Amino acid sequence: MYNGYFGLKENPFNLSPDPAFLYRSPQHEEALANLIYGVQSRKGFIVLTGEVGTGKTTMLECLRDYLEQAGVEFAFVFNSRITSEQFFEMIAYDLDLRCQRNSKTEVLFALNQLLIQQANDGRTSVLIVDEAHNLEWDVLEEIRLLGNLENPRIGKLLQIILSGQPELDRKLDAPNLRQLKQRIVLRCSLQPLTLKESNEYINSRLLHAGLENQTIFPDPLLIELHLRTQGIPRLINAVCDNMLLAAFAIETKVCTLEMLDEISSDMRLEWPGRRTPRQRGQSGFEPAPYTPGD
Ligand SMILES: Nc1ncnc2c1ncn2[C@@H]1O[C@H](COP(=O)(O)OP(=O)(O)O)[C@@H](O)[C@H]1O
Ligand SMILES: [Mg+2]
């Protein structure tokens, strides 16, 4: 809507996890390198954790691109609120297994055949599960068993990537998942962006959308934006998108703190040190701090 106005070729702050917009912060770079290394070296289980909106699905989408280019077979389970029957059906569908897809026995048999055939051709196969913190215990148990498929010569036949919110780590600490936990050979976690990264992130998305040396978000505003979004990429996207829309609506090419204030309150953002309107005074002016004895 506002793209033409700002000289952008496409929407810079789309919420979809699009690898084309990847900003390679050191930790995103490291996480992706770990995922690829884990798959290539047939490590077995790999776990990726991070708070909501820190870029986990984006990393998995980058991995998907890599696997497609490398011709590696993979199944991508993105809906984790599923029964074990649905889980096997999804794998069978993704891997195009020729069997009765609603029969666990048939799926397992066909999967085993595929994995062995792939391994004999010198290839590995991958199972990616996003939002894995939502998995039911019995589905996790099935995943653990899939991780057992092994060839003594080649190693693990199926590389399994579990990605989820930090609850996933706690879930994997449960006594009944001890065996699975012991199998995890690689762990990576994503943290919110630092101020410097958050600024680079915004610039990099704008650059990718066709805008060099952006002047839409002045430096002091970027500092406040980082504070209010806490460096969470998804929130940064939502706030920046809203700010561009607000600026477009009043025909200005520079965003302001007032716009950010309004958007923060519309989005009900919470951040450390945030003052409620009452604390700021009804008029919006900050009352002088009250000190006893004044
Ligand atoms: N490193 C990154 N580069 C570019 N965009 C990112 C990056 N990390 C996160 N994002 C963006 O932030 C939003 C949330 O990312 P997402 O991968 O969906 O987070 P999560 O899966 O951890 O909740 C998406 O719009 C995504 O494009
Ligand atoms: Mg996600």
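All values reported here derive from a predicted model rather than from experimental measurement. (Residues numbered from 1 in each chain as written. Chains lettered and ligands numbered in written order. Predicted model: local features only at pLDDT ≥ 70, side-chain atom pairs only at ≥ 80, totals over all residues.)

Q: It is not clear to me how the packing of helix α11 (residues 233-249) against helix α12 (residues 257-266) should be interpreted in this structure. Could you clarify?
A: In a packed pair of helices, the relevant descriptors are the angle between the two axes and the axis-to-axis distance. At a minimum axis separation of 10 Å, α11 and α12 run at an interaxial angle of 125°. Viewed along their axes, α11 and α12 adopt a mutual orientation that is oblique. Judged by the sense of rotation from one axis to the other, the crossing of α11 with α12 is right-handed. Seen from α11, the contacting residues are V239, N242, M243, A246 and A247; seen from α12, they are M259, L260 and I263. (Axes fitted to C-alpha atoms, helices over the stretch in contact; angles between N-to-C directions. Helix = DSSP H or I, 4+ residues; strand = E, 2+ residues; numbered from the N terminus. Parallel < 35°, antiparallel > 145°, perpendicular 65-115°, else oblique. Left-handed = near helix turned anticlockwise from the far one by under 90°. Contact = placed C-beta atoms within 7 Å.)

Q: Looking at this model, I keep getting lost on the site of ligand 1. Mind explaining?
A: Taken together, 19 residues form the shell around ligand 1, and within it G55, K56, T57, T58 and P233 come nearest. Where the shell around ligand 1 is concerned, the elements lending two or more residues are α3 (56-70) and α11. A breakdown of the residues in the shell around ligand 1 according to their chemical character gives seven nonpolar, nine polar and three charged. Two domains each donate at least three residues to the shell around ligand 1, and these are domain 1 (3-14 + 193-269) and domain 2 (26-190). (Near = placed C-beta within 6 Å. Nonpolar A, V, L, I, M, F, W, Y, C, P; charged D, E, K, R; others polar. Domains from an automatic or database assignment.)

Q: Would you mind showing me how to read the sheet that holds strand β2 (residues 73-77) here?
A: The five strands are arranged β2-β3-β6-β1-β7 in an open sheet whose pairing can be described as parallel. Either end of the sheet is taken by a strand with one partner, and the two such strands are β2 and β7 (184-190). Adjacent strand axes in the sheet meet at a mean angle of 15°, parallel and antiparallel pairs treated alike. The pairing of β2 with strand β3 (residues 125-129) spans five bridges and is parallel. Its bridge partner lying in β3, A75 is registered against L127. Packed on one face of the sheet, helix α4 (residues 84-94) meets β2 and β3 and runs near 140° to β2. (Pairing = 2+ DSSP bridges.)

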